[in-house]
Structures are given as C-alpha cells and as structure tokens.
Amino acid sequence: MFYIYCPYCGEHREEEEFHPKGQAHIVRPKEPESCSDEEWGDYLFFRDNPRGIHHELWVHAVGCRKFFNITRHTVTYEILETYKMGEQPSITAETYAPQSSESEAARVAKQAGVRA
Amino acid sequence: MSNVATFDTRTEANIPVESPLAYSYRRSGTPAVTTASRVVLKERALLGHLILRGGAIVLDEALREELGINLPGQPQGLVLDASGERSVQWLSPDEWLIIVPGGEEFELENRLRARLGDAHYSIVNVGGGQTVLELSGEKAREVLMKSVVYDVHPSHFPVGKGVTTVFAKATVIIRRPTEDCWELVVRRSFADYCYRWLLDAGEEYGIGVAK
C-alpha cells in the first residue's frame, strides 16, 4: 500500500482514499481540427509506459476530491514527490539520481521502457 | 442578491418526518444504554447541512458577519461557535461544510446569499442527504480504530479537526468537536449500513443507543 502525501490536504493518507488517473502533463492540441489523425490518435489513446520515473495524475477521491500529480518510480514503486495541478515536477527522468551503486549501463537499461 | 431560485426544504404542512435511522431502529433494534456501556451512539438527526464553495477570503468575511464563525483556513480545520451547535468544517481548498440546528439553514442560506451578492460562490443545502452520528464514551476511539483507515490517535487527531475518509468501505466525515465526542457525518443512504456496522463493532464494549 502507498502512503500518499496529498498536497491539498497537507498530510499523508492511505492509498485507499485515492484513484490513479494515468499519465500527467498531457496537453490537448490547441487546434484539434488541424491535427492529423496520427497526432489526434496519439493524444487520445497512446500513453508512456516508462521503466523508471513516471509522472502520474491522481485524485484524492474520498478526501478533498482534488486532482494532483505524483512522480513515481515504476521499478521501485517509490513515490518521489507530489505536487499540485499546474506545477512542474522538480524530479524528472533527466535529473533523477538513484542512490544505489549499480552500473551506468544497468541504470540506463532500467530507464528505457516505452515512450508513446 | 443573486438570482438563484431557492426554496425551503422544510414545508409548512404538517408532514411526519422520520430520521434517516428510523428504519434501522425498527429493524436492528436499539440496545439500551446501561452502566456497562462504554460506547454510546446517538444520532443527531435532521440538522441543517450546507455546502459552501468559493474563494476563502470572500466567504470568510460573509460567514463571520452572518454566523459569527471564522472560516477554517487550514486543511482539516473544524470551527464551532460558543454553544457548539453551529460549526464550519474545511472539506477541500474551496469547499466547506456548515452544520446548524435544524430549521436555521434556509434562513442562513438566504442571509449569506444576500451578503455575498454577485460574488463567485455556491451554496447547496445537503441536509436531506446526510446525517450525523455521535459516538461518545471511553471506548469510542477503539470502535473507530476498528472501522477507519485514518489514524485517530489524539496526537494525530486533536479536538477541532475533521477529515473525510473511509469508514468500513463507506465515505464518512469524522469530526472531533470536543474531547470525548466523535461525530460521523454519513450519507443518508449509508446510514443503516453504518448503524449496523457500529452496533456490531461496539458490541464488545456494550454499545448503547441514546435517543
């Protein structure tokens, strides 16, 4: 079970109170009419499935019922930070430095995953 | 004054009104409160519940003028007036729950609407949708510990705090207005379920139901 810090409630709550809502920071195309089918299809249906750092949208469904973002490591399941809607993550796949002493090659291999 | 259509949910006509637990009292019974009861359950039925939404600064001023209570600005805040009858609770950064004695809510809603004027806000009377169960007694916290995922230890849940959380898989608002009393705001449709759950959970402490 996760013990998730809700940035709106200002405290940690049980995972039972939350719902995951998929990948965060998906920007709706400004002019949908001028999108190609491929662009629109990517926007609607295709999501990243990275191995490593993932920014996710969650909702505190039972508590304050606000949406917020979580930066989570999909290998260790570690929640690295939570931040409010409209904010940008301070930890990204580029800036994240794992604590372990594993080799650079192994680390890169773990960070690949699937990008939409 | 806004141009929102309002109406008093309490009619002038003499219609018999039953508490949300009326069915449960008949079906599941009401264990008597005895000297051996270390938990006492009491329903505070038919109170006036209002959901207030909008910007904190505007609402705070209006509420202080009309109700004499400050809007709790901190998350999980619960503020009561001197009598303890009226309360305002933080539910979300732009949402508060007001509970007043039954019958006062329509008048309060109208006064707030008149004062707020054209400000950006919303007031909804939810009194028909939820009810308040009050748990007291030395083992009240033990009953809660068996039922909710939230930490109800006094160091984590002081007087003047209220949270929305999961109670036996149902959504509930837990509030602590005084040192030895816990209030559960439950959905009317879940009232029977919660009542029976509490009777079961409180059985080992000789739970009694005060009416």
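Owing to the predicted nature of the structure, the values given are computational and were not obtained by experimental measurement. (Residues numbered from 1 in each chain as written. Chains lettered and ligands numbered in written order. Predicted model: local features only at pLDDT ≥ 70, side-chain atom pairs only at ≥ 80, totals over all residues. Heavy atoms only, no water.)

Residues and elements named next belong to chain A. Ordered by their spatial adjacency, four strands build an open sheet running β3-β4-β5-β6, and the pairing between neighbours is antiparallel. Edge positions in the sheet fall to β3 (19-23) and β6 (79-84), since each of these pairs with one other strand and no more. Geometrically, the sheet is characterised by an average inter-axis angle of 30 degrees between neighbouring strands, direction not taken into account. Summarising the sheet, strand β4 (residues 53-59) and strand β5 (residues 67-73) pair through seven bridges and their orientation is antiparallel. Across the sheet, residue valine 59 finds its bridge partner in β5, namely phenylalanine 67. (Pairing = 2+ DSSP bridges. Helix = DSSP H or I, 4+ residues; strand = E, 2+ residues; numbered from the N terminus. Axes fitted to C-alpha atoms, helices over the stretch in contact; angles between N-to-C directions.)

Moving on to the side chain of B:Arg86. All names here are of chain B. Tracing the backbone through its elements, the reader meets arginine 86 in the loop between β3 (78-80) and β4 (87-92). Within the structure, arginine 86 has its side chain in polar contact with the side chain of glutamate 104 (distance 2.8 Å). Apart from the residues within four sequence positions on either side, arginine 86 is in contact with Leu67, Ile69, Val79, Leu80, Asp81, Ile99, Val100, Pro101 and Glu104. (Polar contact = N/O pair within 3.5 Å; in protein donor to acceptor, adjacent residues only side chain to side chain. Contact = heavy atoms within 4.5 Å.)

What follows concerns the interface of chain A and chain B. Listed as interface residues are twelve residues of chain A and, on the opposing side, 18 residues of chain B. For the pair chain A and chain B, the summed buried area comes to about 1200 Å², and 47% of that belongs to carbon and sulfur atoms. Here chain A is connected to chain B by three salt bridges. Taking the shortest distance from any N to any O, the salt bridge between A:Glu11 and B:Lys161 comes out at 3.3 Å. Seen at the junction of chain A and chain B, the total is nine residue pairs in polar contact (both at pLDDT 80 or more). Considered class by class, the residues forming the side of chain A that touches chain B number four nonpolar, one polar and seven charged. (Buried area = accessible area lost by both parts, 1.4 Å probe. Salt bridge = Lys/Arg side-chain N within 4 Å of Asp/Glu carboxyl O. Nonpolar A, V, L, I, M, F, W, Y, C, P; charged D, E, K, R; others polar.)

A volume near 400 Å³ is recorded for the largest pocket. Around the largest pocket sit 21 residues that line it, and B:Thr9, B:Arg10, B:Val17, B:Leu46 and B:Gly128 are the ones nearest its centre. The element best represented in the lining of the largest pocket is strand β7 (residues 130-136) of chain B, accounting for three residues. Class assignment of the residues belonging to the lining of the largest pocket gives a composition of eight nonpolar, nine polar and four charged. By volume, the second largest pocket is sized at about 310 Å³. Every residue lining the second largest pocket is counted, 18 residues in all, and those nearest its centre are A:Arg65, B:Leu91, B:Gln130, B:Ile173 and B:Arg187. At the level of elements, β5 (95-100), β9 (170-178) and β10 (181-187) of chain B are the ones that each hand at least two residues to the lining of the second largest pocket. Residues of the lining of the second largest pocket, tallied by class, amount to ten nonpolar, five polar and three charged. (1 Å grid on protein atoms, 1.4 Å probe; cavity = no way out; pocket = protein on both sides within 12 Å on 5 of 7 lines; lining within 4 Å. Points joined across faces, edges and corners; volume = space filled by probe spheres on them.)

Let's shift gears to the environment of B:Arg113. If you trace the backbone, B:Arg113 turns up in helix α3 (residues 105-116). Through-space distance from the C-alpha of B:Arg113 to that of B:Ile123 is 8.1 Å; in sequence the pair is ten residues apart.

Below, the discussion takes up empty space enclosed by the protein. Residues and elements named next belong to chain B. Tallying each qualifying case throughout the model produces two cavities of 30 Å³ or more. Within this model, the largest cavity holds a volume of roughly 60 Å³. Forming the boundary of the largest cavity are Arg44, Leu47, Leu80, Gly84, Glu85, Ser87, Ile99, Val132, Arg175 and Glu183. Split by residue class, the lining of the largest cavity holds four nonpolar, two polar and four charged. If you add up the space inside the second largest cavity, you get close to 50 Å³.

Turning our eyes to something else, we now look at the pattern of salt bridges. Applying the stated criterion across every chain yields a total of 23 salt bridges over all chains. Between B:Glu95 and A:Arg65 there is a salt bridge, with its nearest N and O atoms 2.7 Å apart. Highlighted residues: B:Glu95 in strand β5 and A:Arg65 in the loop between β4 and β5, drawn from two different chains. Overall, B:Glu95 belongs to the buried group, its relative accessible area being 6%. For A:Arg65, a relative accessible area of 39% corresponds to the partly exposed category. Where B:Asp94 meets A:Lys66, a salt bridge forms, and the shortest distance between an N and an O atom there is 3.1 Å. One end of the pair, B:Asp94, is in the loop between β4 and β5; the other, A:Lys66, is in the loop between β4 and β5, on a second chain. Owing to a relative accessible area of 17%, A:Lys66 belongs among the buried residues under this scheme. Counted as one network, the salt bridges with shared partners bring together A:Arg65, A:Lys66, B:Arg53, B:Asp94 and B:Glu95. (Buried < 20%, exposed > 50% of the residue type's maximum accessible area, 1.4 Å probe, protein only.)

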